[in-house]
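Notes for the structure review
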Amino acid sequence: MSLDERFREAVQQFWRARDAQLAKQVASGRIDAGTRGAVTGGTQMGALEVLVRDLLVEAGLDENHIHTRTALELPGYFRPEKKWDLLVIADGQLVVAIEFKSQVGPSFGNNYNNRVEESIGSAKDIWTAYREGRFGTAPRPFLGYFFLLEDAPDVHRPVRVFEPYFDVDPEFKNASYSRRYEILCRRLVLERLYDTACLTLSTNEDPTKITFPAEDLTFHRFVAALRGHVRTFVESQ
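A few points on the structure. In this text, all values refer to a predicted model and were calculated from it rather than measured experimentally.

Some words on empty space enclosed by the protein
A complete count under the given rule lists 1 cavity of 30 Å³ or more for this structure. A volume near 40 Å³ is recorded for the largest cavity. Counting residues per element, the ones that place at least two in the lining of the largest cavity are β2 (73-75) and α4 (112-131). In terms of residue count, α4 provides more of the lining of the largest cavity than any other element does, 3 residues in total. Along the lines of polarity and charge, the residues of the lining of the largest cavity split into 4 nonpolar, 2 polar and 3 charged.

Some thoughts on the sheet that holds strand β4 (residues 86-90)
In a beta sheet, neighbouring strands are held together by backbone hydrogen bonds and run either parallel or antiparallel to one another. As summarised here, the arrangement of the 6 strands in space is β1-β4-β5-β6-β7-β8, forming an open sheet in which the pairing is mixed. At either margin of the open sheet sits one strand with a lone partner, and together these are β1 (66-67) and β8 (210-211). Of the pairings in the sheet, the one linking strand β7 (residues 196-202) to β8 comprises 2 bridges and is antiparallel in character. Within the sheet, the bridge partner assigned to Leu-201 lies in β8 and is Thr-211. Sheet strands touched by helix α3 (residues 46-58): β1, β4, β5 (93-103) and β6 (142-150). Its angle to β4, the strand with the most contacts, is close to 30°.

Some remarks on the nonpolar core
In terms of nonpolar packing, the biggest core is built from 34 residues, with Leu-48, Leu-56, Leu-86, Val-96, Phe-146 and Phe-219 touching the most fellow members. Secondary-structure elements contributing two or more residues to this core are α1 (3-28), α3, β4, β5, β6 and α6 (219-236). Among all residues touching Phe-146, those that are not within four sequence positions of it are Phe-7, Met-45, Leu-48, Glu-99, Phe-100, Lys-101, Cys-198, Thr-200, Phe-219 and Phe-222. Grouped together as the second largest cluster of nonpolar side chains are 33 residues, Phe-108, Trp-127, Tyr-181 and Ala-197 included.

Procedures and definitions
Residues numbered from 1 in each chain as written. Predicted model: local features only at pLDDT ≥ 70, side-chain atom pairs only at ≥ 80, totals over all residues. Heavy atoms only, no water. 1 Å grid on protein atoms, 1.4 Å probe; cavity = no way out; pocket = protein on both sides within 12 Å on 5 of 7 lines; lining within 4 Å. Points joined across faces, edges and corners; volume = space filled by probe spheres on them. Helix = DSSP H or I, 4+ residues; strand = E, 2+ residues; numbered from the N terminus. Nonpolar A, V, L, I, M, F, W, Y, C, P; charged D, E, K, R; others polar. Pairing = 2+ DSSP bridges. Contact = heavy atoms within 4.5 Å. Axes fitted to C-alpha atoms, helices over the stretch in contact; angles between N-to-C directions. Core = buried A, V, L, I, M, F, W, Y, C linked by side-chain atoms within 4.5 Å. Buried < 20%, exposed > 50% of the residue type's maximum accessible area, 1.4 Å probe, protein only.

Below, the structure is given as structure tokens:
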């Protein structure tokens, strides 16, 4: 299968896993038929994590060095530790750390600020810990940020900004949630908080429709940057 086909299947599995978790909790009577169950029922990113793991193995990494389920904690600077979604630890060296995040409707505004703060805070925490020697003297690790946003009408509508005292950045004026996340992902890389980022829009249907709002934030770009780092690491061993 091509990379595009493998990626499409992994994204489709995100929706299947999410719907299955919600249906299971609704059937058990533990929650109502809303969206909270899908959020709290566990990870839906499993297939995407497995895809990236497979791509790392294909790039030359030992699969035993790749962690996606357990032992995902890394020390921080502002907190004792934080769980990441995928880690590569080889010969006592932190090689790769990746975050997989998503945002689905119907209330896209509810968690937007939380997602922004999480992405910035996680990166700031780990880079400060790295500066302070928490990961030894190994070369700089590679940080990746993957974000999946539900492609629904509300994510394309302009969002009002509030300016009671000062003007907001003009980039955010009349920007939709899709545009806001695009700005976030691009600036995370621009400010070197992450080495690469991917913003994927996907419809909640089968088959899903996948689009990338920006050429610099596609999955191909994400994978290319990741492979480049991994190959450099493998060749240095």
